[in-house]
Amino acid sequence: MEKKTTVPVTAIVLGASGRGKLYGDYSLEHPDDLQIVGIAELVELRRNMYRDKYHVPAGNCVATWEEMLNRPKFADAVIIATPDHLHYAPCMKALDLGYDILLEKPIAQTEEECRRLVAYAKEKGKIVGLTHVLRYSPYFLMLKEMVSSKRIGELVSIQHFEPVDHVHMSHSYVRGSWRDSEASTPLVLAKSSHDLDILHWIIGKPCTKVAAFGDLAHFKSEKAPAGVPARCTDGCPVEATCPYSALKIYYRDRTWLYVFDLPEDYDEQGKVILENLKNGNYGKCVYHCQNNQPDHYMMLIEFEGGVTVNFSIEAFTSYSGRRTRIMGTHGDIVGDMESFTHTDFASGVSKTYRADAVDALNYEGVGHGGGDAGMIHDWVEAIRKQDASLMSTPLDESLESHLMAFAAERSRKENKVIAVEH
């Protein structure tokens, strides 16, 4: 039996917000696998908290990615968890320095940059994984196996649905960092490159053409109730009954608080939340946020070989997760990301499979349907053995989802079917 390597992979983290913290927590839970040795983060409070929690040397804690990557290489890898518009430049610089990389999706903001970065990573021969973690969730692993093993006969068509949840939509894509598709990335890429990647992975063939439809129907000034002010904290006459009230979501319900840098003392948190709502983006009325992301989006997709997909993203739901229907010549599958039911046409027998019943070491964890820990584990092993095939999410594989998303945006804006060029 091969002896397990116990020397941890050392990594620098660029960006200490939500995803950056997740990777840091993995290093605490698996210190033999991963050690964080550097952090670049603009917000001093986050930078200091990260330094203390993950025992990063003070000299390796800096404000910007530029300052970090202007140093000679001093770790095995770089984890890029910066905002969307700060993926391409630091990744290219890290490749120049010889680092292996874990890159938060999306790859970059434009198709041209995505193609250039993928080609450069291949030229440099470095391990670069993209965080398409759904490939590691038990639910999608089971769906992939069902389709690949022909349990439903020949695959013909898929209907896939991503309900965003109305509060999540208001938080992330109306008030939040992804409210402006030009400053960040379009909704179909920012939110749903996961889904496009999973569809490509399950089908196992490239996309040939797409048609997309959708728009911003509700979160705009002309839909605002009469007399509403710019902020929920400014005496809004409908605040008490508004489902998107910032006071309700963040202050009264205390949800979606990861975006705030809160003190540990619970009694002090309310005051800090209110201060953020009075001055920051998360306190703005959802009808006055200068946002432009669609709140409903539909794609019709054709894959090589004729497999068709209907994929939709919907803001106005009371629930989240994914819903999947897969149709084959000898059976079908209906699932909701927690369980799915397979029906065999010949026998008429239906059987339900529960994803949360899967007990596999690599897929423990709760993030993205249990996929986060498995993804990081395989990335670490790929670096140790310098073998990208150990990852389910290599960069060149992940490019397909981005090509589909960029084609969809062209289709939506130009009102025509777009062929996907590979």
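Here's what I pulled together on the structure shown here. Just so it is clear, the structure is predicted and the values come from calculations on it, not from any experiment.

### Side note on the sheet that holds strand β5 (residues 100–103)
Strand order across the open sheet formed by six strands is β3-β2-β1-β4-β5-β6, with parallel pairing between neighbours. Of all strands in the sheet, those bounded by a partner on one side alone are β3 (61–62) and β6 (128–130). The pairing of strand β1 (residues 9–14) with strand β2 (residues 34–40) spans six bridges and is parallel. When the sheet's bridge partners are listed, Val-13 is paired in β2 with Ile-39. Against the sheet, helix α1 (residues 18–29) touches β1, β2, β4 (77–80) and β5, its axis set at about 145° to β2.

### A closer look at the packing of helix α5 (residues 111–124) against helix α13 (residues 395–414)
Relative to each other, α5 and α13 sit at 170°, their axes nearing to 10 Å. On the basis of their axis angle, the class for α5 and α13 is roughly antiparallel. Touching Glu-111, Cys-114, Arg-115, Leu-117, Val-118, Ala-121 and Lys-122 of α5 are Leu-395, Asp-396, Leu-399, His-402, Leu-403 and Phe-406, all from α13.

### Looking at the side chain of Glu-239
The topology assignment puts Glu-239 in the loop between β8 (207–215) and α10 (246–252). In this structure the side chain of Glu-239 is engaged in a polar contact, spanning 2.5 Å, whose partner is the side chain of Ser-245. Side-chain polar atoms of Glu-239 contact the side chain of Arg-252, separated by 2.7 Å. What Glu-239 contacts, discounting residues up to four positions off in sequence, is Cys-232, Ser-245, Leu-247, Lys-248 and Arg-252.

### Considerations on the packing of helix α6 (residues 138–148) against helix α9 (residues 193–203)
Direction vectors running N to C along α6 and α9 enclose 30°, while the axes themselves pass 9 Å from each other. Relative to α9, the element α6 lies roughly parallel. For the pair α6 and α9, the contacting residues are Phe-140, Leu-141, Leu-143, Lys-144 and Val-147 in the first and Ile-198, Trp-201 and Ile-202 in the second. Among the residues forming the contact of α6 with α9, the class breakdown is seven nonpolar, no polar and one charged.

### Some thoughts on the nonpolar core
Ranked by size, the top nonpolar core spans 90 residues in total, and within it Ile-107, Met-299 and Ile-301 carry the most contacts. A total of eight residues in this core trace back to one element, the largest contributor, which is α13. Beyond its immediate sequence surroundings of up to four residues, Ile-107 is in contact with His-87, Tyr-88, Cys-114, Leu-117, Val-118, Leu-130, Leu-395, Ser-398, Leu-399 and His-402. In terms of nonpolar packing, the next biggest core, distinct from the first, is built from 27 residues, Tyr-26, Ile-79, Trp-379 and Ile-383 among them.

### Describing the packing of aromatic side chains
With the rule as written, the count across this model stands at 11 aromatic pairs. With a centroid separation of 6.1 Å and an interplanar angle of 40°, the aromatic rings of Tyr-173 and Trp-178 are classed as tilted. Plain terms: the ring middles of Trp-256 and Tyr-258 are 6.4 Å apart, the flat faces sit at 55° to each other, and that makes the pair tilted. Ring-pair connections join several aromatic residues into one group, and the members of that group are Tyr-139, Phe-140, Phe-340 and Tyr-353. In this structure, Arg-254 packs its charged tip against the face of Tyr-251, placed 5.2 Å from the ring centre.

Reading the values: rules and limits
- Residues numbered from 1 in each chain as written.
- Predicted model: local features only at pLDDT ≥ 70, side-chain atom pairs only at ≥ 80, totals over all residues.
- Heavy atoms only, no water.
- Pairing = 2+ DSSP bridges.
- Helix = DSSP H or I, 4+ residues; strand = E, 2+ residues; numbered from the N terminus.
- Contact = heavy atoms within 4.5 Å.
- Axes fitted to C-alpha atoms, helices over the stretch in contact; angles between N-to-C directions.
- Parallel < 35°, antiparallel > 145°, perpendicular 65-115°, else oblique.
- Polar contact = N/O pair within 3.5 Å; in protein donor to acceptor, adjacent residues only side chain to side chain.
- Nonpolar A, V, L, I, M, F, W, Y, C, P; charged D, E, K, R; others polar.
- Core = buried A, V, L, I, M, F, W, Y, C linked by side-chain atoms within 4.5 Å.
- Buried < 20%, exposed > 50% of the residue type's maximum accessible area, 1.4 Å probe, protein only.
- Phe/Tyr/Trp six-rings, centres within 6.5 Å; stacked < 30°, edge-to-face > 60°.
- Lys NZ or Arg CZ within 6 Å of the ring centre and 35° of its normal.

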